[in-house]
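Below, each chain spelled out in residue letters.
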Amino acid sequence: MKKITLLCTLILLVAAPSFAELTKIADNVYSYVGLANDSPANSFAANAGIVIGRDGILVVDTLISAKEAQRFLADIRKVSDKPIRYVVNTHTHLDHAFGNCVFAKLGGATVISHAADRAFLEKAGEATLKNIGAYGLKPEDMAGTEITYPTLTFSERLTIDLGGETVELIRTAPSHTEGSLIVHLPAKKVAFSGDILFTDFHPFLADADINGWTAALDAMMGMDIEKIIPGHGPLSTKKDLRDLKAYLLLFDAKARQMAADGSGDAETVAAALRQILPKRSQAEWMIPINVKSRYLGKR
Ligand SMILES: [Zn+2]
C-alpha cells in the first residue's frame, strides 16, 4: 500500500509542474513564467516577475486572483524576505492586475500603473469581477479578490531607484491597452513587456490600438535589450517582437478587408485568418473573439 502511495506521489510530481516558477534571468531579476496551464484560473498563463534592490522588491504584475497572487507571494518569499516596495501593473487586464489586493494588504507597497490603465480599471474592474463567469472563472476561483487601484500613475516615463537597481517604466504609445507599459532594466538589458508581447500565444486585441502597438514594438526593437519576459509565453528576444508585429499587421489587414466586404460572421473570418496567420501553439480560441470585438462591431 505504501509503495503504491509513493508511486502515485512520484507520478504527480513529474506530471504536475503546470504552475509558474521564479527563474533567475539576471542578477536580482526573476521571471515568473508558467506555460503548461493556460486555464482562466491559472491566469491564462500570464507571466509576472520581480526585481530585487537593496531597499526592497518591485513586483511586475499580480496575476488574476487573490489565490494566484498568494501562490506568487509564497514563491517570492522562497527567494527573498525583503519588503515589497512597489507593485507595477504592466496594464490592468484582470490576468495581470486582479491580484493587487494581496500585495496591497501587506502594507508598504506603492501600486503603479499608467494613468489610462488606472482609469480603465476604475471603469471596468468591478463589473468584470461581478461578471467573472464570462471569463471562464468560478466565484470560488476569485475568493478574497478585491479590485485594488494603483496609487501612483504616470504618463510617459517613471524612473524607480530600488537601491542599486534602476527600473524604468516606459509607455511609448497606446498599444495592447491605452496605458500598456514596459518595465526596462537598462543595466541588465532585460525588459518585462506585459502584453505588448505575446510569444507563441495568439494575442488579445479587443482593447488595442494596432498602429500604436506596432509603434511600441518598434520602440522596443530600438532599445538595448537582449531578454524580454512577454505577457504570455516563454522568455523572448527581439525576433519575437518582429514576429508579433507581422502577425498584427496581417490580422488587421485581412479582418478589416473581410469585414468591409461583408464576408461572413466571426467564425468565417476566423477560419480565413487561421489559414494565413503564423502558427502559434496557444490560445487559438482568441481569434474569433478578436474578430467579433474589433471588426464586426460587437463584443
Ligand atoms: Zn492583456
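Reading the values: rules and limits
Residues numbered from 1 in each chain as written. Predicted model: local features only at pLDDT ≥ 70, side-chain atom pairs only at ≥ 80, totals over all residues. Heavy atoms only, no water. Phe/Tyr/Trp six-rings, centres within 6.5 Å; stacked < 30°, edge-to-face > 60°. Helix = DSSP H or I, 4+ residues; strand = E, 2+ residues; numbered from the N terminus. Buried < 20%, exposed > 50% of the residue type's maximum accessible area, 1.4 Å probe, protein only. pLDDT = per-residue confidence, 0-100. Contact = heavy atoms within 4.5 Å. Pairing = 2+ DSSP bridges. Axes fitted to C-alpha atoms, helices over the stretch in contact; angles between N-to-C directions. Polar contact = N/O pair within 3.5 Å; in protein donor to acceptor, adjacent residues only side chain to side chain. Core = buried A, V, L, I, M, F, W, Y, C linked by side-chain atoms within 4.5 Å. Salt bridge = Lys/Arg side-chain N within 4 Å of Asp/Glu carboxyl O. Donors = N, O, S within 2.8 Å, 3.2 Å for Na, K, Ca; no water. Tetrahedral: all angles 85-135°; square planar, octahedral: opposite > 155°, others 65-115°.

Description of the packing of aromatic side chains
How two aromatic rings sit relative to each other is set out by the distance from centre to centre and by the angle between their planes. One pass over the full model with this rule turns up 5 aromatic pairs. When the ring of Phe 44 is compared with that of Trp 285, the centres are 6.0 Å apart and the planes differ by 40 degrees; the resulting orientation is tilted. In this pair, Phe 44 is assigned in the loop between β2 (29-33) and β3 (48-53) and Trp 285 in the loop between α8 (266-276) and α9 (286-294), connecting sequence segments 241 residues apart. On the basis of relative accessible area, Trp 285 is assigned to the partly exposed category, the value being 43%. Each ring, one from Phe 251 and one from Tyr 295, has its centre 6.0 Å from the other, and the planes form 40 degrees; the classification is tilted.

What to know about the confidence of the model for the chain
Within the chain, residue pLDDT values average 92, and 93% of them lie at 70 or more. Contacts for the low-pLDDT stretch residues 8-17, under 50 throughout, to residues beyond four places or in other chains number 1 contact.

Some details on the sheet that holds strand β9 (residues 166-170)
The strand order across the open sheet built from 5 strands is β8-β9-β10-β11-β12, with neighbouring strands paired in mixed fashion. Each having just a single partner strand, β8 (157-161) and β12 (227-232) make up the two edges of the open sheet. Ignoring which end each strand starts from, the neighbouring axes of this sheet average 25 degrees apart. Note that strand β10 (residues 182-185) and strand β11 (residues 190-198) share 3 bridges and pair antiparallel. Residue pairing in the sheet places Leu 185 in a bridge with Val 190 of β11. In this fold helix α7 (residues 238-261) packs onto β11 and β12, with an angle of close to 20 degrees to the strand it touches most, β11.

Some points on the side chain of Thr 145
Among the structural elements, Thr 145 can be located in the loop between α5 (115-130) and β7 (152-154). The class of Thr 145 is buried, set by a relative accessible area of 9%. A distance of 2.7 Å separates a polar side-chain atom of Thr 145 from the backbone oxygen of Met 142. When neighbours within four sequence positions are excluded, Thr 145 is seen to be in contact with Ile 64, Ser 65, Ala 66, Phe 98, Cys 101 and Leu 129.

A few points about the nonpolar core
Core analysis: the largest hydrophobic core is formed by 39 residues, its most contacted members being Trp 213, Leu 217, Met 220, Leu 248, Phe 251, Leu 273 and Ile 287. The set of elements that each furnish at least two residues to this core consists of β11, α6 (210-221), α7, α8 and α9. No other element matches α7, which puts 7 residues into this core. Apart from the residues lying within four places of it in its own chain, the contact partners of Ile 287 are His 202, Tyr 247, Phe 251, Ala 270, Leu 273, Arg 274 and Leu 277. The next biggest cluster of nonpolar side chains, apart from the first, holds 23 residues, and it includes Ala 20, Ala 69, Phe 72 and Val 87.

Comments concerning the sheet that holds strand β6 (residues 110-114)
A sheet is described by the order of its strands in space; here 7 strands give the open sequence β1-β2-β3-β4-β5-β6-β7, paired in mixed fashion. Strands at the two margins of the open sheet, each flanked by one partner only, are β1 (21-26) and β7. Pairs of neighbouring strands in the sheet enclose a mean axial angle of 25 degrees, with direction left out of account. Taken together, the 4 bridges between strand β4 (residues 56-60) and strand β5 (residues 84-88) define a ladder with parallel strand orientation. By the bridge assignment, Val 60 is partnered in β5 with Val 88. Its contacts with the sheet put α5 on β6 and β7, and the angle it makes with β6 is roughly 100 degrees.

What to know about the pattern of salt bridges
Enumeration according to the criterion identifies 12 salt bridges in this entry. Here Glu 284 and Arg 274 are joined by a salt bridge, their closest N and O atoms 3.0 Å apart. Of this pair, Glu 284 sits in the loop between α8 and α9 while Arg 274 sits in helix α8, placing them 10 residues apart in sequence.

Looking at the coordination of the zinc ion
Protein coordination at the zinc ion: the donors are His 91 (NE2), His 93 (ND1), His 176 (NE2) and Asp 195 (OD), at 2.2 to 2.3 Å from the metal. The coordination sphere of the zinc ion comprises 4 donor atoms, whose angles at the metal cover 85 to 176 degrees; the geometry is irregular. All donor residues of the zinc ion come from one chain, and their arrangement in sequence is H-x1-H-x82-H-x18-D. Of this pair, His 91 sits in the loop between β5 and α3 (94-97) while Asp 195 sits in strand β11, and the two are 104 residues apart along the sequence. No difference in accessibility class separates His 91 from Asp 195, as the two residues are buried.

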